[in-house]
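# Chains, contacts and geometry: an overview
Each chain, letter by letter, is given below.
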Amino acid sequence: SQLSIKDLHFDGVPMRIYQPRKPSASKRRGVVFIHGGCGIFGSIRSYERICRYIARKSDSVVVSVGYHLAPEHKYPAQTLECLTATVHFLRTAETHGVDPARVIVCGDSVGGTFTACVCQELVHRTDIPKIRAQVLIYPFLQALNFNLPSHQKNAATAFLSRERTVHFILKYLNKDCSLKEPILAGSHVPESINLKYRKWINPDLILDMFKLGYKPPLPTLFLPQVHEEVQELFEPRVSPLLAEDAVVCGLPDTCIVTCEHDVLRDEGLLYKKRLEDNNVHVTWHHVEKGFHG
């Protein structure tokens, strides 16, 4: 009763818009919400209660993006549709009673990945208003190292285990799931790439309090044929942590949520450090008893 809810299409992308019914003296804030589900499941409908809650509690206009799912819609269709929807909303914000200078993008899990990608792709755009902030809720941010402390600690955690994480990535990219074991071992990454990105993806960058019981993995044999099969894993659209500093330094204010019992915890911690190193303002919430999903 407090919200007006409409289904729309922005440039061909399904959207659901939640607008508070109560009149506002000024333009409202806007939230582009991108749902999780590994890019292969989840929907506007499954995130209905969350979007209603955000719209009511923050008195904001929320737009939920119904991007088409993989593998039927091949990567990177999902990121591109989220980008299309965000650009369209920024351009038409005022028609929905929204201040275009006060729009944030928000997502959980792979929705956090897509949020990070959208914000990275918009850094150098001058034809649309700037994103005010990004909210990344336990995002997936890199596919190079699956042996970080949080991967080891939460390897067998319910819902999103270490093994299922890689399985879902391969399903999302429409790859053969037999590649899972060599990727878990790190055999898909040549030494040159490991050296290049060690400054950003490295257990040494994680606070000691998060490394209790961590054991550095043994060196693994590089398998060129596996590397060739999964080139997409090294693209910022899959691994936003690999974006160059010239992009990262232009990102908006950021809120990162991490959970202690989550294989993806350390990716949020590493991105937090990268953003701070590039003078981006970061708010960090760590949920001690939280888990993925």
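What counts and how
- Residues numbered from 1 in each chain as written.
- Predicted model: local features only at pLDDT ≥ 70, side-chain atom pairs only at ≥ 80, totals over all residues.
- Heavy atoms only, no water.
- Domains from an automatic or database assignment.
- Contact = heavy atoms within 4.5 Å.
- Buried area = accessible area lost by both parts, 1.4 Å probe.
- Salt bridge = Lys/Arg side-chain N within 4 Å of Asp/Glu carboxyl O.
- Polar contact = N/O pair within 3.5 Å; in protein donor to acceptor, adjacent residues only side chain to side chain.
- Helix = DSSP H or I, 4+ residues; strand = E, 2+ residues; numbered from the N terminus.
- Buried < 20%, exposed > 50% of the residue type's maximum accessible area, 1.4 Å probe, protein only.
- Pairing = 2+ DSSP bridges.
- Right-handed = clockwise from strand over helix to strand, strands pointing away.
- Axes fitted to C-alpha atoms, helices over the stretch in contact; angles between N-to-C directions.
- Parallel < 35°, antiparallel > 145°, perpendicular 65-115°, else oblique.
- Left-handed = near helix turned anticlockwise from the far one by under 90°.

### Looking at the domain arrangement of the chain
Looking at the chain, the domain boundaries give domain 1 (3-142 + 236-291) and domain 2 (149-234). Taken residue by residue, the interface counts 35 residues in domain 1 and 28 residues in domain 2. Summed over both sides, the interface of domain 1 with domain 2 buries roughly 2800 Å², with 68% coming from carbon and sulfur. When the buried surface of domain 1 facing domain 2 is broken down by residue, Leu-242, Val-263 and Leu-270 rank first, second and third, together holding 23% of it. The interface formed by domain 1 and domain 2 includes one salt bridge. Of the charged contacts in the structure, one is a salt bridge between Glu-260 and Lys-153, with a shortest N-O distance of 3.6 Å. Summed over the shared surface of domain 1 and domain 2, the number is seven residue pairs in polar contact (both at pLDDT 80 or more). Mapped by element, the contributors of at least two residues to the side of domain 1 that touches domain 2 are α2 (77-92), β7 (253-261), α10 (265-277) and β8 (282-291). Broken down by element, the side of domain 1 that touches domain 2 gets its largest block of residues, seven residues, from α10.

### Side note on the pairing of β7
When you tally the buried positions in β7, you get seven out of nine residues, the bulk of the element. Where strand β6 (residues 133-137) meets β7, five bridges bridge the pair, whose relative direction is parallel. Bridge pairing links Ile-137 to Val-257 in β7. Pairing of β7 with β8, which is carried by seven bridges, proceeds in the parallel orientation. Directly across from Thr-254, in β8, lies its bridge partner Val-282. Note that the unit made of β7, α10 and β8 has a crossover that is right-handed.

### Some details on the packing of α2 against helix α3 (residues 110-121)
Contact geometry for α2 and α3: axes closest at 9 Å, N-to-C directions at 60 degrees. If you check the angle between α2 and α3, you find them oblique. In the crossing of α2 with α3, the sense of the turn from one axis to the other is right-handed. Between α2, through Gln-78, Thr-79, Cys-82, Leu-83 and Thr-86, and α3, the contact on the second element is made entirely by Phe-114, Cys-117, Val-118 and Glu-121.

### A word on the side chain of Thr-86
By the secondary structure assignment, Thr-86 is in helix α2. Beyond its immediate chain neighbours, meaning those up to four positions away, Thr-86 contacts Val-32, Val-105, Val-118, Leu-122 and Ile-131.

### Structural notes on the sheet that holds β8
Sheet strands associate in pairs through backbone hydrogen bonding, adopting either a parallel or an antiparallel arrangement. Pairing within the open sheet is mixed, and its eight strands lie in the order β1-β2-β4-β3-β5-β6-β7-β8. Sheet topology places β1 (3-10) and β8 at the edges, where each strand pairs with a single neighbour. Within the sheet, the average angular offset between the axes of one strand and its neighbour, ignoring direction, is 20 degrees. Sheet topology note: the β1/strand β2 (residues 13-20) ladder contains eight bridges and is antiparallel. By the bridge assignment, Ser-4 is partnered in β2 with Gln-19. In this fold helix α1 (residues 48-58) packs onto β1, β2, β3 (28-34) and β4 (61-65), with an angle of close to 35 degrees to the strand it touches most, β2.

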